[in-house]
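# Residue-level structure breakdown
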Amino acid sequence: AGRDASRRAEQAREHAAAQARVDALEDLAAAQAKVVQLRRASADAQSQAAQARAASMAQAEHRDREIASLREALGMAQTRVSQLLSENEALQARAATAATSDARARELERQLLSSKAQAKVQLDHAAFVQRQEVAARKALERQIAQLEARLSSS
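The structure reproduced in this document is the subject of the present report.

Cut-off values and rules
Residues numbered from 1 in each chain as written. Predicted model: local features only at pLDDT ≥ 70, side-chain atom pairs only at ≥ 80, totals over all residues. Heavy atoms only, no water. Helix = DSSP H or I, 4+ residues; strand = E, 2+ residues; numbered from the N terminus. Rg over C-alpha atoms; globule rule 2.2 N^0.38 Å. Buried < 20%, exposed > 50% of the residue type's maximum accessible area, 1.4 Å probe, protein only. Contact = heavy atoms within 4.5 Å. Areas by Shrake-Rupley, 256 points an atom, 1.4 Å probe, with all protein chains shown as cover. Lys, Arg positive; Asp, Glu negative; His and termini not counted. Charge placed at Lys NZ, Arg CZ, Asp CG, Glu CD. Core = buried A, V, L, I, M, F, W, Y, C linked by side-chain atoms within 4.5 Å. Salt bridge = Lys/Arg side-chain N within 4 Å of Asp/Glu carboxyl O. Expected span 1.5 Å × (residues − 1).

### Brief notes about the overall build of the chain
Of the regular secondary structure elements, the chain holds two helices and zero strands. In summary, the chain has a C-alpha radius of gyration of 40 Å against a globular reference of 15 Å for 154 residues, an excess of more than 25%. Expressed as lengths along the three principal axes of its C-alpha atoms, the size of the chain is roughly 145 × 20 × 15 Å. Per-residue burial for the chain yields a buried fraction of 16% across its 154 residues. The long-range share in the chain, meaning contacts at least 24 apart out of those at least 6 apart in sequence, stands at 77%. Summed over all atoms, the accessible surface of the chain reaches about 11,400 Å², with 55% contributed by carbon and sulfur. Distance from the positive charge centre (24 side chains) to the negative charge centre (20 side chains) of the chain: 1 Å.

Written out as structure tokens, the structure reads:
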């Protein structure tokens, strides 16, 4: 009877050890599956980050081209404003010398007003172009900040 109890106790210990090995192997398999899952998730996140960086760079390049175009338009508008102001000065000089002729003076005054109106339109356009450039730059900065925040959080 003592041997049977001893043999049963030994079998119970062997069974418990075997069960512990099975549990450990199952835990190991689950951990390995989790590692594979995490590696896939990491690869997906890296791929998404790379795509986001590529999209960000493409957007930045597009914004840079837009800003360059707006700056060029602003430069041309400023040149035209300078020309119009020069024309305005010339018209004012002509108006002063033509004061003896009332009809001629009125015509020059009309031309002057037209030139001033054109100058105002050009100045308004230059201001509009400049506001667009500032808005485009701010939008680009916001997009870059958002993408950097997304990249830093992933």
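### Regarding the side chain of Ser115
By secondary structure assignment, the location of Ser115 is in helix 2 (residues 102–153). Sequence-distant contacts of Ser115, defined by excluding residues within four places in its chain, comprise Leu84, Glu87, Asn88 and Leu91.

### Some points on the nonpolar core
One finds Leu70, Leu74, Ala77, Ala126 and Val129 forming the largest nonpolar core, which totals five residues. Mapped onto this core, the elements with two or more residues apiece are helix 1 (2–97) and helix 2. In terms of residue count, helix 1 provides more of this core than any other element does, three residues in total. When near neighbours in sequence (up to four residues on either side) are disregarded, Val129 contacts Leu70, Ala73 and Leu74.

### Some words on the pattern of salt bridges
Overall, the coordinates contain eight salt bridges when judged by the stated rule. Of the charged contacts in the structure, one is a salt bridge between Asp4 and Arg7, with a shortest N-O distance of 3.1 Å. Of this pair, Asp4 and Arg7 both sit in helix 1, three residues apart, which is roughly one turn of that helix. Residue class for Arg7 comes out partly exposed when judged on its relative accessible area of 47%. A salt bridge links Lys120 to Asp124; its shortest N-O distance comes to 3.0 Å. With Lys120 and Asp124 both in helix 2 and four residues apart, this pair spans about one turn of that helix. If you follow the salt bridges from partner to partner, you end up with Arg71, Glu133 and Arg137 in one network.

### A look at helix 1
Within an α-helix, residues lying three or four positions from one another point in the same direction, as the helix has 3.6 residues per turn. Between the first and last C-alpha of helix 1 there are 138 Å, a value that for 96 residues agrees with the 142 Å anticipated at 1.5 Å per step. Buried residues of helix 1: Ala49, Ala52, Ser56, Ala60, Ile67, Leu70, Leu74, Ala77, Val81, Leu84, Asn88 and Leu91, and no others.

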